[in-house]
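Take a look at the letters that make up each chain.
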Amino acid sequence: MFSLKGQKALVVGVANDQSIAWGCAKAFREQGADVAVTYLNARAEAHVRPLAESIGSEIILPLDVSIPGQLEAVFDEITARWGRLDTLLHSIAFCPKEDLHGRVVDCSAEGFAKAMDVSVHSFLRMIHLAEPLMGAGGTCMTVSFYGAEKVVEHYNIMGPVKSALESVVRYAAAELGEKRISVHALSPGPLKTRAASGIADFDELLNEAAERAPTHLLASIEDVGAFAAFLASREAANVTGGVHQIDGGYSIIG
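Sequence order as written defines residue numbering, which begins from 1 separately in each chain. Reporting of local features is limited, given that this is a predicted model, to residues whose pLDDT is at least 70; pairs of side-chain atoms are given and counted only at 80 or more, and all residues count toward the totals for whole chains, interfaces and linings. The basis for the side-chain values is all heavy atoms of the structure; hydrogens and waters are excluded.

Novice: Any chance you could break down the overall build of the chain for me, citing the residues and the numbers?
Specialist: A run of H or I in DSSP counts as a helix once it spans at least four residues, and a run of E counts as a strand once it spans at least two, with each numbered from the N terminus. The helix and strand tally for the chain stands at 8 helices and 7 strands. Each of the three principal axes of the chain carries a C-alpha extent, and together these read 45 × 40 × 35 Å. A buried classification covers 52% of the 254 residues belonging to the chain. In short, Shrake-Rupley with a 1.4 Å probe defines the accessible areas, and a residue's cover is counted only from the protein chains shown. Split by element, the accessible area of the chain, about 11,800 Å² in all, is 53% carbon and sulfur. Positive charges come from Lys and Arg alone, negative charges from Asp and Glu alone, with His and the N- and C-terminal ends not counted. Where a charge lies is defined by one atom per residue type, namely NZ (Lys), CZ (Arg), CG (Asp) and CD (Glu). Computed over 21 positive and 31 negative side-chain charges, the inter-centroid distance for the chain is 5 Å. Working definition: with a 1.4 Å probe on protein chains only, accessible area under 20% of the residue-type maximum means buried, over 50% means exposed, and in between means partly exposed.

What follows is the structure in structure tokens.
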């Protein structure tokens, strides 16, 4: 059985106990890693801090990637407290509602830029800051969705945005492979999370996914966390650049 004992992991994107990021944070801790957790703002802190404290997190910090300096402050704290980082989990995305609910061809330049900055470029920024802390190698992960490769009704502009995110994974994996830093995208099928609740008719998508998947089961945050923990382990050190479908086979059905 693989172990993450002695590892240091940063998890970005926990909003509540239904978050994919929370499933990953729990799994990392269960396998022995020390876990740093961020929360978006003061309102989110009330939900996130008790979760982080329940897994013994010693680093719990605010992080809104849209606010200059906050991301750097998180990595400064990790550097000061730990001096290294083994695993990075990026699970954040955002698009203004008016652009998310409209047609792709109608998306505003401002909305597209905001979605790309928060959902994609923030991952690049985190990898850039994590790289010097991963002198002995490490793992960087983000979260994508099947709508990156196929048109999913109501997913709209987030489809092209997640496609860009998956491309970033491949290029970063190629650039960092020699340093033994692996880069991955976790791609669960539809899950009932706070972030997903912004997608129109999402309950319909959940029902369709469960019906279509060979297992007839939706993925859980625990499923995603278990896979993420394996990718963070030494046993997966020679695996990189992939988009890993964790969806009960949803994505294989035409």
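Novice: Run through the layout of surface pockets, naming residues and quoting values.
Specialist: Lining residues are those with an atom within 4 Å of a point, where the points come from a 1 Å grid over the protein atoms alone and group into cavities, where a 1.4 Å probe fits but cannot get out, or pockets, open sets with protein on both sides within 12 Å along at least five of seven lines. Grid points are joined across faces, edges and corners, and a volume is the space filled by probe spheres set on the points. Its boundaries defined by the atoms lining it, the second largest pocket holds a volume of some 340 Å³. Along the walls of the second largest pocket sit 19 residues, with D86, A136, G137, G138 and R234 positioned nearest its centre. All amino acids are sorted into three groups, where Ala, Val, Leu, Ile, Met, Phe, Trp, Tyr, Cys and Pro are nonpolar, Asp, Glu, Lys and Arg are charged, and the leftover types, Gly among them, are polar. Its residues assigned to classes, the lining of the second largest pocket shows 6 nonpolar, 8 polar and 5 charged.

Novice: Give a description of the sheet that holds strand β5 (residues 138-143) that names residues and reports values.
Specialist: If you trace the 7 strands from one edge of the open sheet to the other, you get β3-β2-β1-β4-β5-β6-β7, paired in parallel fashion. The sheet terminates laterally at β3 (60-62) and β7 (243-246), the two strands that pair on one side only. When strand polarity is set aside, the average angle formed by the axes of neighbouring strands in this sheet is 20°. When checking whether two residues touch, look at their non-hydrogen atoms; a contact exists if any pair is within 4.5 Å. Every axis corresponds to a line fitted to the C-alpha atoms, with the helix fit spanning only the stretch in contact, and the corresponding angles, defined between N-to-C directions, vary from 0 to 180 degrees. On top of the sheet, helix α1 (residues 20-30) reaches β1 (8-12), β2 (34-39), β4 (87-90), β5 and β6 (181-188); it is set at about 170° to β1, its chief contact. Docked against the sheet, helix α5 (residues 109-130) engages β1, β4, β5 and β6, running at close to 170° with respect to β4. Pairing between strands is defined by DSSP: at least two bridges between them are needed.

Novice: Give me the pattern of salt bridges: which residues, what numbers.
Specialist: Think of a salt bridge as a Lys or Arg side-chain nitrogen and an Asp or Glu carboxyl oxygen that are within 4 Å of each other. The tally for this structure, following the rule as stated, stands at 9 salt bridges. For R81, the salt bridge goes to E77, with nearest N and O atoms at 3.0 Å. Taken together, the residues R81 and E77, both in helix α3 (residues 70-81) and 4 residues apart, mark about one turn of the helix. Owing to a relative accessible area of 42%, R81 belongs among the partly exposed residues under this scheme. A relative accessible area of 27% means that E77 is categorised as partly exposed. Each member of the salt-bridge network shares a partner with another, and the members are K8, R29 and D34.

Novice: Got a sec to walk through unusual backbone geometry? Specific residues and values, please.
Specialist: Located in the positive-phi region is N156, a residue other than glycine, with phi close to 55°. Note on N156: relative accessible area 24%, which makes it partly exposed. Residues other than glycine seldom take positive phi values, yet R180 does so here, at roughly 60°. With respect to the element layout, R180 can be found in the loop between α6 (158-176) and β6.

Novice: I'd like to hear about the packing of aromatic side chains, residue by residue, with values.
Specialist: Planes of paired rings set the category: under 30 degrees apart is stacked, over 60 is edge-to-face and the rest tilted, where pairs are Phe, Tyr or Trp rings (Trp by its six-membered ring) whose centres lie within 6.5 Å. What the rule picks out here adds up to 3 aromatic pairs. Both rings, one in Y146 and one in Y250, keep their centres 5.4 Å apart while their planes meet at 75°; by these two values the pair is edge-to-face. Taken together, the residues span a long stretch of sequence, with Y146 in the loop between β5 and α6 and Y250 in the segment after β7 at a distance of 104 residues. Residues Y146 and Y250 agree in their burial class; the two are buried.

Novice: Explain the nonpolar core to me, using residue names and the numbers behind them.
Specialist: Joining through side-chain atoms within 4.5 Å is the link that ties buried Ala, Val, Leu, Ile, Met, Phe, Trp, Tyr and Cys residues into a set, and such a set is a nonpolar core. Formed by 47 residues in total, the largest nonpolar core has its most connected members in L10, L85, L88, F123 and M126. The set of elements that each furnish at least two residues to this core consists of β1, α3, α5, α6, β6 and α7 (202-212). In this structure, L10 is in contact with A36, T38, V74, F75, I78, L85, T87, L88 and L89, ignoring residues within four places of it in sequence. One finds V37, V224, A236 and I246 within the second-largest nonpolar core, a separate group that totals 35 residues.

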